[in-house]
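# Notes for the structure review
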Amino acid sequence: MIWPLDIIIVSMVIICGIAAISIKDLLGAAILFGAYSFMMCLLWSVMGAVDVAFTEASVGAGVSTVFFVAAVFRTSRRSKD
Amino acid sequence: MESIGDLIIAKYNYWAVITLLLIGLYAMIAKKNLVKKIIGMNIFQTAIILFYVSIGSKKGATIPIILHGPAGSSHAVHAADYINPLPHVLMLTAIVVSVATLGVALALAMKIYSQYGTLEEDEILEKIMESETG
Amino acid sequence: MRTLGLIAAFCLGGLLFFISFDFPSWGDALSPASRHVSPYYIEHSLEDTSVPNIVTAVLADYRGFDTLFETAVIFSAGLACFFLVRVSERQVPAARFYRHLATGITFRIEKGGRLPEGTGEFERIDSLWVPYDVIIGMTCRLVVPFIQLFALYVIAHGHHSPGGGFQGGVIFGAAIILFAISTNLRRTLKRMSERSSALLSSLGVLIYAGTGLLCLFMGAGFLNYRALAAILGVDQVAARSDGILIVESGVGIAVAAVMVWIYYNLSSAGKQDEGL
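Nothing here was measured: the structure is a model prediction, and the numbers come from that model.

## Some details on helix H5 (residues 134-156) of chain C
- For H5 of chain C, with 23 residues, the first-to-last C-alpha span of 34 Å sits near the 33 Å given by 1.5 Å per residue.
- Along H5 of chain C, the largest kink reaches about 25° and is centred on Val-143 of chain C; proline Pro-145 of chain C follows within four residues of it.
- Tucked inside the fold, the buried residues of H5 of chain C contact helix H3 (50-74) of chain A together with helix H6 (165-182) and helix H10 (236-267) of chain C.

Right, dumping it as structure tokens:
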């Protein structure tokens, strides 16, 4: 637990989260959500939860991004808000 | 009496959890696009998971994998030396379940799109109203 | 709706901020969460199960019921995806596209006609804009076996390092998804059909539940791996370690197959002929 490092990663997580819900392009939102998940994975590995971080790196940053991209590809990329 | 700096270091993790919770909740309530709502739901889930993980952390402790020498050599294991593994176990399964629910949610969104041709909530509601009256 | 959402979010945020001062401070070793149950797991898991990674020991042994039903949840999510989006009728596309591999020329063949499959000179593509990229295809083909090997390592080495059935299963599924993205869905379905992914996902849950039932038949409680000592021919502590490996591989099979299955359904909108 190194708290200066931790604060930097926490602010990155929050920035990525806000960006993921405010961008108008859904494909961009999916990619930003992947970045959010990866920052979250870094945060958990800083906190010492290595198993949780490993799971998030493979699930959140990997497979869920693919699911989002597949769904956006099969529906529409447009979003009004 | 602890100083303000100590207080911030002790609590800022919970504040980050609260901020992420609010981002997720706001996205679920206010965004009209279904995929945005699903992203909000996932942010909400990860905020809860972050809360559990930050509860389990201990100062001066290492990751919950016991140091062990060659077979036969044993030494006493103290609970204070290792981070609390219980929240990790609960949250590990929660993450994998969250990707499964994400798949189901996206499948539902896809079904709605094939029915109504749009992912915006207000347009879907309009089309439902039209089909009921007309 | 937007102002309502903001008001609701800020009310909740204010309340949560107010009670955050009553939480134990971050990193407090004496917080209530780490005083009651977890010291037992930390101090006894090595002598009970001979597994150094406490998370794996608690996940598959002490809290085995929890993990069993989480696996069942994942399996039912795969089933739900299948029933939601899968369409059974196979409509013939209006036109098929074939690419001549040697020259890169694309043919468009109207409904009714098709080029002979299996000559090796032509490759069927989904639409005109599919790029012909040697580098991506070859790199992914080279990388996929190593990712699969790493996934098996993660499952098998979960006792000593971070990892286990869930992570390894997801990585294995991700390797197959990478193959599907870098080539196309039809070729992937030839390697791992939808039927086999469905069967494998139920097989994984069955391995887990079957291990529990086996323990029950050997005279111990459900998922009490000590009863497996007689079958495996080891002492009771090693039997618990081996039992963890058996159920973790079941979890890995189920998770990998479900991830691939959900990807098949999502990426082709249930038609399972054209992928991403």
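## So, the packing of helix H8 (residues 194-217) of chain C against H10 of chain C
Residues and elements named next belong to chain C.
- Contact pair H8 / H10: the axes reach a minimum separation of 8 Å and the direction vectors enclose 155°. Comparing their axes, H10 and H8 come out roughly antiparallel. Of the two possible hands of crossing, H8 and H10 adopt the one that is left-handed. Contacts between H8 and H10 involve Glu-194, Ser-197, Ala-198, Leu-200, Ser-201, Gly-204, Val-205, Ile-207, Tyr-208 and Thr-211 on the former and, on the latter, Ile-246, Val-247, Gly-250, Val-251, Ile-253, Ala-254, Ala-257, Val-258, Trp-261, Tyr-264 and Asn-265.
- The residue inventory of the contact of H8 with H10, partitioned by class, reads 14 nonpolar, 6 polar and 1 charged.

## What to know about the nonpolar core
- Within the largest apolar cluster, 110 residues are counted, with the highest numbers of intra-cluster contacts made by Trp-44, Phe-67 and Phe-68 of chain A together with Leu-20 of chain B.
- Here this core takes 16 residues from helix H3 (residues 86-116) of chain B, the largest share from any one element.
- Excluding residues that lie within four positions of it along the chain, Trp-44 of chain A makes contacts with Ala-49, Val-52, Ala-53 and Glu-56 of chain A together with Thr-46, Ile-49, Leu-50, Val-53 and Ile-95 of chain B.

## Comments concerning the environment of Ser-76 of chain C
Residue and element names in this part refer to chain C.
- The topology assignment puts Ser-76 in helix H4 (residues 64-85).
- For Ser-76, a relative accessible area of 36% translates into the label partly exposed.
- There is a polar contact of 2.8 Å between the side chain of Ser-76 and the backbone oxygen of Val-73.

The rules we used
Residues numbered from 1 in each chain as written. Chains lettered and ligands numbered in written order. Predicted model: local features only at pLDDT ≥ 70, side-chain atom pairs only at ≥ 80, totals over all residues. Heavy atoms only, no water. Helix = DSSP H or I, 4+ residues; strand = E, 2+ residues; numbered from the N terminus. Expected span 1.5 Å × (residues − 1). Bend = angle between axes of the 7 residues up to and from the residue. Contact = heavy atoms within 4.5 Å. Axes fitted to C-alpha atoms, helices over the stretch in contact; angles between N-to-C directions. Parallel < 35°, antiparallel > 145°, perpendicular 65-115°, else oblique. Left-handed = near helix turned anticlockwise from the far one by under 90°. Nonpolar A, V, L, I, M, F, W, Y, C, P; charged D, E, K, R; others polar. Core = buried A, V, L, I, M, F, W, Y, C linked by side-chain atoms within 4.5 Å. Buried < 20%, exposed > 50% of the residue type's maximum accessible area, 1.4 Å probe, protein only. Polar contact = N/O pair within 3.5 Å; in protein donor to acceptor, adjacent residues only side chain to side chain.

Function cannot be inferred from these measures alone, as they are strictly geometric.
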